[in-house]
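Examination of the molecular architecture
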Amino acid sequence: MVIVIGGGISGLACAGELNARGLDVELLDRGHKLGGRMASRVIRDSGTDYDGRVVDIGASYFTASDEKFLTVVEDWKARGLARGWTDAFHLASPQGVSGVRAGPMRYAAVGGLRSLLEDLAARLPSTTIRHHHTVESVSITGDQLSVDGRPADAVAICMPDPQARQLLNSEVPGLEATIEATSGVVWEPTLSVTAVFQSTCWIPFDGVFVNDDAVLTWIANDGSRRGDGAPVLVAHVNPVLAAGHLAEPTAVIPSVLAALKKILALSEQPIWVDIQRWTYARPLLARADECYLDDKTNIGVASDAWAGGPRVETAWLSGAALGQRLAERLAASS
Ligand SMILES: Cc1cc2nc3c(=O)[nH]c(=O)nc-3n(C[C@H](O)[C@H](O)[C@H](O)COP(=O)(O)OP(=O)(O)OC[C@H]3O[C@@H](n4cnc5c(N)ncnc54)[C@H](O)[C@@H]3O)c2cc1C
């Protein structure tokens, strides 16, 4: 039995590779739903027409260039779960929108990005998923690995480094190298603000990269992203401002609304607003190695801090590589 900790895209990719190689998996996640940072929330009790509508409040979109990941994306597209959203975003300064920049195809999900992870989970043949399980510790006693006392032949830790380190007690012999492997990269926060409007009161756009602004870095048109045209925007807060408001995120909402109004020349105020905190939104540097597998123990680590991340695609690649390496390691030792 392999225990995978973390039900984001890296954990699900890891479980998929392990299952494909005949290994049973128990996947533990602290949330009540899978998804991690590919989070979609349902608007509730907003008093607007949009109750029940899904909004992407974590990752905005994903790109795909690796052949293996493209196969997964093509399958999602073929089944109507994902779609090519756009290859051009607007650019803005604090004073307003200033142009358009073309780039790679960005993909979105009709049902919200989290629906793609539910799809991955539903197609795992031999993985037991346990929600609401906040793992406290990974331990080694003699040769036996365990996760909160559950024995395991191998453990895959699939989450941001600071969260992974919380599971690794430096006083337990054998964990030193894994602690070292999850150290040294700084993770930055953000806050993600969802704003629902009465009607669309902005120029047509898909997304706006905001440069040199103390409040915002990015604005997504969630109606265009999801394809229903709903007047819903999601704005991401500058990490420096976010870092000072992690304890009380709602305090930044007035500044965010003022910045949105100025940058997009809005004529209306939103009729409903919500905010989500991301303490570890992204690593400021990602290692070139696809993942980490400890030489002596069967403990591995995957996330978007590997495989040249930080992106959805690289998190998938990292988790898949770890699953493959763990399976090879277990096969060689049996
Ligand atoms: C606001 C924001 C915007 C982004 N925008 C983009 C974008 O536009 N394009 C892009 O490609 N990427 C984007 N990203 C990055 C992308 O979301 C990540 O690269 C990817 O989702 C990482 O997946 P992961 O599985 O490695 O980690 P996560 O998604 O963080 O998954 C980790 C999982 O571990 C679980 N967990 C943590 N601690 C414990 C514990 N103790 N016990 C049990 N479970 C635990 C969590 O609940 C979570 O489900 C964005 C991220 C954020 C936050």
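Here the structure is a predicted model, which means the values were calculated and not measured.

1. Observations concerning the site of the ligand
Around the ligand, the structure places 34 residues, and the nearest of them are Asp29, Arg37, Tyr61, Asp304 and Val312. Look at the ligand: alone it shows 1000 Å² of surface, and the protein chains cover 92% of it. Contributing elements (two or more residues each) for the shell around the ligand: helix H1 (9–20), strand S16 (272–283) and helix H9 (312–333). Taken together, the residues of the shell around the ligand sort by class into 15 nonpolar, 14 polar and five charged. Residues from two domains meet in the shell around the ligand; each of domain 1 (1–46 + 115–184 + 287–334) and domain 2 (60–112 + 186–284) gives at least three.

2. A short note on the packing of aromatic side chains
Throughout the structure, instances matching the rule amount to 14 aromatic pairs. With a centroid separation of 5.9 Å and 70 degrees between ring planes, the pair formed by Phe62 and Phe69 is classed as edge-to-face. When sorted by exposure, Phe62 lands in the same class as Phe69, which is buried. Three or more aromatic residues joined by ring pairs make a cluster, and in this case those are Tyr61, Trp85, Phe89, Phe209 and Trp218. Looking at Arg287, its charged tip hangs above the ring of Trp306, at a distance of 4.3 Å from the centre.

3. Points about the environment of Arg101
Note that Arg101 resides in strand S6 (residues 96–109). Sequence separation between Arg101 and Asn238 is 137 residues; the distance between their C-alpha atoms is 20 Å. Among residues more than four places away in sequence, those in contact with Arg101 are Asp87, Ala88, Phe89, Leu91 and Phe209.

4. Regarding the pattern of salt bridges
Taken as a whole, this structure holds 18 salt bridges when the rule is applied. Here Arg225 ties to Asp56 by a salt bridge, and the two come within 4.0 Å at their closest N and O atoms. Of this pair, Arg225 sits in helix H6 (residues 222–226) while Asp56 sits in strand S4 (residues 54–56), placing them 169 residues apart in sequence. It is possible to trace a salt-bridge network through shared partners that takes in Arg53, Asp56, Asp222, Arg225 and Asp228.

5. What to know about the domain arrangement of the chain
Here the chain is described as being made up of domain 1 (1–46 + 115–184 + 287–334) and domain 2 (60–112 + 186–284). Each of domain 1 and domain 2 has a C-alpha centre, and the two are 28 Å apart. Contacts between the two partners involve 29 residues from domain 1 and, on the opposite side, 27 residues from domain 2. The contact between domain 1 and domain 2 buries some 2300 Å² in all, and 65% of this surface belongs to carbon and sulfur atoms. Here domain 1 and domain 2 share three salt bridges between them. The salt bridge involving Arg79 is made with Asp119; its shortest N-O contact spans 2.7 Å. Applying the counting criterion to the domain 1 and domain 2 interface returns ten residue pairs in polar contact (both at pLDDT 80 or more). At the level of secondary structure, the elements contributing two or more residues to the side of domain 1 that touches domain 2 comprise strand S3 (40–42), helix H3 (114–122), helix H4 (161–165) and H9. Within the side of domain 1 that touches domain 2, the residues separate by chemical class into twelve nonpolar, seven polar and ten charged.

Reading the values: the criteria
Residues numbered from 1 in each chain as written. Predicted model: local features only at pLDDT ≥ 70, side-chain atom pairs only at ≥ 80, totals over all residues. Heavy atoms only, no water. Near = heavy atom within 4 Å. Areas by Shrake-Rupley, 256 points an atom, 1.4 Å probe, with all protein chains shown as cover. Helix = DSSP H or I, 4+ residues; strand = E, 2+ residues; numbered from the N terminus. Nonpolar A, V, L, I, M, F, W, Y, C, P; charged D, E, K, R; others polar. Domains from an automatic or database assignment. Phe/Tyr/Trp six-rings, centres within 6.5 Å; stacked < 30°, edge-to-face > 60°. Buried < 20%, exposed > 50% of the residue type's maximum accessible area, 1.4 Å probe, protein only. Lys NZ or Arg CZ within 6 Å of the ring centre and 35° of its normal. Contact = heavy atoms within 4.5 Å. Salt bridge = Lys/Arg side-chain N within 4 Å of Asp/Glu carboxyl O. Buried area = accessible area lost by both parts, 1.4 Å probe. Polar contact = N/O pair within 3.5 Å; in protein donor to acceptor, adjacent residues only side chain to side chain.

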